[in-house]
Amino acid sequence: MSNPTPVVIANLKANKTWEEVSAWLNEVGKASKDFKGTLIFCPSYPFLASAKEKIDRDSINIKLGSQDISKFEQGAYTGEVAASQIADLVEYAVLGHSERRKYFNETNEDVLKKVELALSSNITPILCISDMSQLDEYLGKSNLLKENSDKIIFVYEPPSAISGGRDYKPDNPEDANNNAQEMGNKIGKEITTIYGGSINPDNVNSFFSQNNIEGGLVGQASVDPNTFLQVLENAKI
Ligand code: PGA
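So, how was this worked out
- Residues numbered from 1 in each chain as written.
- Predicted model: local features only at pLDDT ≥ 70, side-chain atom pairs only at ≥ 80, totals over all residues.
- Heavy atoms only, no water.
- Helix = DSSP H or I, 4+ residues; strand = E, 2+ residues; numbered from the N terminus.
- Rg over C-alpha atoms; globule rule 2.2 N^0.38 Å.
- Buried < 20%, exposed > 50% of the residue type's maximum accessible area, 1.4 Å probe, protein only.
- 1 Å grid on protein atoms, 1.4 Å probe; cavity = no way out; pocket = protein on both sides within 12 Å on 5 of 7 lines; lining within 4 Å.
- Points joined across faces, edges and corners; volume = space filled by probe spheres on them.
- Nonpolar A, V, L, I, M, F, W, Y, C, P; charged D, E, K, R; others polar.
- Core = buried A, V, L, I, M, F, W, Y, C linked by side-chain atoms within 4.5 Å.
- Contact = heavy atoms within 4.5 Å.

Some thoughts on the overall build of the protein chain
Counting its secondary structure elements, the protein chain contains 11 helices and 8 strands. For the protein chain, the C-alpha radius of gyration of 17 Å lies close to 18 Å, the compact-globule estimate for 237 residues. The principal-axis extents of the C-alpha atoms in the protein chain amount to approximately 45 × 45 × 30 Å. With 237 residues in all, the protein chain has 54% of them scored as buried.

As structure tokens, then:
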């Protein structure tokens, strides 16, 4: 049985101009009224303010998230965006994504700092976990995740499953389900766990029908609004 109220996140990464983001919101916005779960849209920083205005004005049933935040509070950090600067625009922030680790050398310490700053600005972290040893490392360094587990969306997202914008290479759904369960065991509490990595219209249901997977983080299949609408449609089956 699929989860009737999944959390589905569109991570646009560094794609689209404002015109295209606006068109995306028009397309997906129409269908969002009937969507029973939580839809979270993560465009690039420059579009957050206009996207929020549009969502509010057109009463679109979509929440906004950023794709990152700075590990610093406001100050002399050229090019950075502090959590407190976008706290009135977003309810969520994707943190610890493996692309941030790979291309921008983010460390465990950086990610934990970001989680802390997001929480202190009332932004819900969407925390990507690549594998169980990474979660062990976070838990070994700090109690932050355990103490705030009810305020975090945990994503099991093995880097090998990320599409990279070309072919889809999803994880095995049963394997993803076992890892999602293991994450809950390690945190030691009920947590919200979703899956990320090559979700597409054809495989979404095989993931969302797993007991421990409550939704998904969608990259490539969220860029084209029609493909994303197909993902949402098939998530219901
Ligand atoms: P993908 O990306 O759906 O294109 O694999 C997911 C992600 O990187 O969050």
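A few points about the layout of surface pockets
Size it by volume and the largest pocket reaches roughly 790 Å³. Taken together, 33 residues line the largest pocket, and the ones lying closest to its centre are K13, A14, H97, E99 and Y103. For the lining of the largest pocket, the secondary structure elements donating two or more residues are helix 4 (98-104) and helix 10 (220-223). Per-element accounting of the lining of the largest pocket gives the leading share, 6 residues, to helix 4. Looking at side-chain class alone, the lining of the largest pocket contains 12 nonpolar, 13 polar and 8 charged residues. In this structure, the second largest pocket spans a volume of roughly 160 Å³. K52, I55, D56, N61, I62, K63, L64, A87, D88, L89, V90 and E91 together form the lining of the second largest pocket. The set of elements that each furnish at least two residues to the lining of the second largest pocket consists of helix 2 (48-57) and strand 3 (63-66). The element contributing the most residues to the lining of the second largest pocket is helix 2, with 3 residues. Residues of the lining of the second largest pocket, tallied by class, amount to 6 nonpolar, 1 polar and 5 charged.

Observations regarding the nonpolar core
Counting residues in each nonpolar core, the largest one holds 61 residues, and the members touching the most others are W24, F41, I62, V115, L145 and F228. In terms of residue count, the dominant contributor to this core is helix 5 (residues 108-120) (6 residues). The contact partners of W24, leaving out residues within four places of it in the chain, are A10, L12, K16, G29, F41, I62, S222, V223, P225 and F228. If you look at the next biggest cluster of nonpolar residues, it comprises 12 residues, including I40, Y92, V94 and I153.

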